[in-house]
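# A closer look at the structure
Each chain is listed here by its residues.
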Amino acid sequence: MSVSTAAIDPSVCAPLPVLGQDVTVPLVTGGEVTYAALDYAASAPALQRVWDDVAAYAPYYGSVHRGAGYLSQLSTDLFESSRRTVAEFLGCRAEDQVVFTRSTTDSLNLLAAAIPADCQVFVYETEHHASLLPWRDAQVTYLNAPRTPGQAVETLERALADRDPYGPALVCVTGASNVTGELWPVKELAAAAHAHGARIVLDAAQLAPHHPVDIAELDVDWVAFSGHKLYAPFGSGVLAGRADWLQAAEPYLAGGGASRKVARRADGGVDVDWHTTAARHEAGSPNVIGVYSIASACKALTEAGFDNLVAREQELVRRVREGLAQVPEVQVLSLFGDDAPRVGVISFVVRGWNSSHFAAALSAEYGIGVRDGLFCAHPLVRTLLGSDPQDPGECGAPEAEPGERSLNAIRVSFGAGTPDEHIERFLRAVTELVREGAQWKYRTEDGRCVPDRGTAARV
């Protein structure tokens, strides 16, 4: 998978308008500053276009699929047209299904509930917990972190060739790491999986917002992603791909919408005829607004010119990496090396700094929002930091006090809505904090590093 590095045309590559771009936040040192949202990998801000589309639809909201009234019929049409929009955005094959869920985590748990009983699952230790943990009822093989894309393919091929018994198998892999931002060789991994009779699901939570995803071109069996990573509000996700395992499985949730016909039996029980369409796994009243917001985001990215957005983001990636390289105390985390293609997700540690302390100072003194911790990818971050992958840790601040070394990292992430000024401010802040230290004193409170009000560290 390659990323375009063509020259950027500023006239077509301006940041997309997002909610919150004019929000100001207080600084512990006094005054206010426009908030720099650089935590896109956790949740990207909603596109203004998406919010406007949702606001325009909201007065016409109605329950879908079961109402005879005009608003219900309109909402049903909107819901199903959104499914077609998402299918087109993902390059789905004619026979693929698009199932709407709550998130990437929900999508992968749905698939985990639908795999055959004797299915073997192969997953790298480098995965986000959303794709590392759902396979509790399956025979799971956890693959060690590869150090090159080629090694990732070789490791998978060996594991699949050695499996015993030889039966149904599923490979789960990320498209872009939520820790390093590095792109994985998805097409090559799909070919290896299929050559050994296995299927493959792509966790595209970090890939879809930054890079076009084409199911048919990549030849993956399923794709999962979340709306809140794709510039849509919280609470909606997608599982798209092959229908057969999904049709053969019991509904993910039992209830209205998933059932086509329910009848009492003479013995007092009930017989249920379940849907074979995507509705089989969409029981209950669906999140119409969430689904519509995903479709709106897909349209917005497509109409803006995804290749142009990719090119602009790659320029931001270059600036951040070059800027951090100017600070010797900063170590950028990487599996595949400096030359590996990546999206706008970069994690690092700073020598002599507790990661939570550094992130707190970025927020309190510069108005910059980043993430610190293990990013719900504990084994991967431990491996990258050279510690035991089995060491304890949390998806938040460490217990270490400000100034003490921690076994966590700092993550900066950005995308289609990131202004140049946010990147420039971030790089300036990193340089100043490393060279001059924090202006304020900090303490640990309820597991978080926070400013100690009224105690400046330097004048």
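Residues numbered from 1 in each chain as written. Predicted model: local features only at pLDDT ≥ 70, side-chain atom pairs only at ≥ 80, totals over all residues. Heavy atoms only, no water.

Further remarks concern the packing of aromatic side chains. The full count for this structure, using the stated rule, is 10 aromatic pairs. Relative to W245, the ring of W222 lies with its centre 5.3 Å away and its plane at 35°, an arrangement referred to as tilted. Taken together, the positions of W222 in strand β9 (residues 222-226) and W245 in helix α8 (residues 244-248) put the pair 23 residues apart, joining distant regions of the chain. Accessibility classification places W222 together with W245 in one group, the buried group. Judged by centre distance (4.9 Å) and plane angle (85°), the ring pair of W353 and F358 falls under edge-to-face. One exposure class covers both W353 and F358, and it is buried. (Phe/Tyr/Trp six-rings, centres within 6.5 Å; stacked < 30°, edge-to-face > 60°. Helix = DSSP H or I, 4+ residues; strand = E, 2+ residues; numbered from the N terminus. Buried < 20%, exposed > 50% of the residue type's maximum accessible area, 1.4 Å probe, protein only.)

What follows covers the packing of helix α1 (residues 48-57) against helix α9 (residues 288-304). Geometrically, a packed helix pair is captured by the angle between its two axes and the distance between the axes. Two numbers describe how α1 lies on α9: the axes approach to 9 Å, and their chain directions differ by 140°. Between α1 and α9, the crossing angle belongs to the class labelled oblique. Like other packed secondary-structure pairs, α1 and α9 cross with a definite hand, here right-handed. Contact residues: R49, V50, D53, V54 and Y57 in α1; V288, I289, Y292, S293, S296, A297, K299, A300 and E303 in α9. (Axes fitted to C-alpha atoms, helices over the stretch in contact; angles between N-to-C directions. Parallel < 35°, antiparallel > 145°, perpendicular 65-115°, else oblique. Left-handed = near helix turned anticlockwise from the far one by under 90°. Contact = heavy atoms within 4.5 Å.)

Let's shift gears to the pattern of salt bridges. Opposite charge on two side chains permits them to pair, given that their charged atoms come into close proximity. In this structure the tally under the stated criterion is 26 salt bridges. Put simply, D420 and R319 hold a salt bridge, and the shortest N to O gap is 3.4 Å. Note that D420 is positioned in helix α13 (residues 420-436) and R319 in helix α10 (residues 306-325), a separation of 101 residues in sequence. The shortest N-O distance in the salt bridge between D372 and R448 comes to 2.8 Å. Of the two residues, D372 sits in strand β16 (residues 371-373) while R448 sits in strand β19 (residues 448-456), which places them 76 residues apart along the sequence. (Salt bridge = Lys/Arg side-chain N within 4 Å of Asp/Glu carboxyl O.)

What follows deals with the pairing of strand β14 (residues 345-350). Among the 6 residues that make up β14, 6 are buried, leaving the element largely enclosed by the rest of the structure. Burial of the side chains of β14 extends over both faces: V345, S347 and V349 are buried on one face and I346, F348 and V350 on the other. Where strand β13 (residues 330-332) meets β14, 3 bridges bridge the pair, whose relative direction is antiparallel. Each bridged residue has a counterpart across the sheet, and for V332 the counterpart in β14 is F348. With 4 bridges joining them, β14 and strand β17 (residues 409-413) adopt antiparallel strand pairing. Along β17, the bridge assignment pairs F348 with I410. (Pairing = 2+ DSSP bridges.)

This part is about the environment of S82. Within the fold, S82 resides in helix α2 (residues 70-89). When the C-alpha atoms of S82 and V288 are compared, they prove to be 9.3 Å apart, with 206 residues separating the residues in sequence. Leaving out residues up to four positions away in the same chain, S82 has contacts with F100, V291, Y292 and A295. A polar atom in the side chain of S82 sits 2.8 Å from the backbone oxygen of L78. (Polar contact = N/O pair within 3.5 Å; in protein donor to acceptor, adjacent residues only side chain to side chain.)

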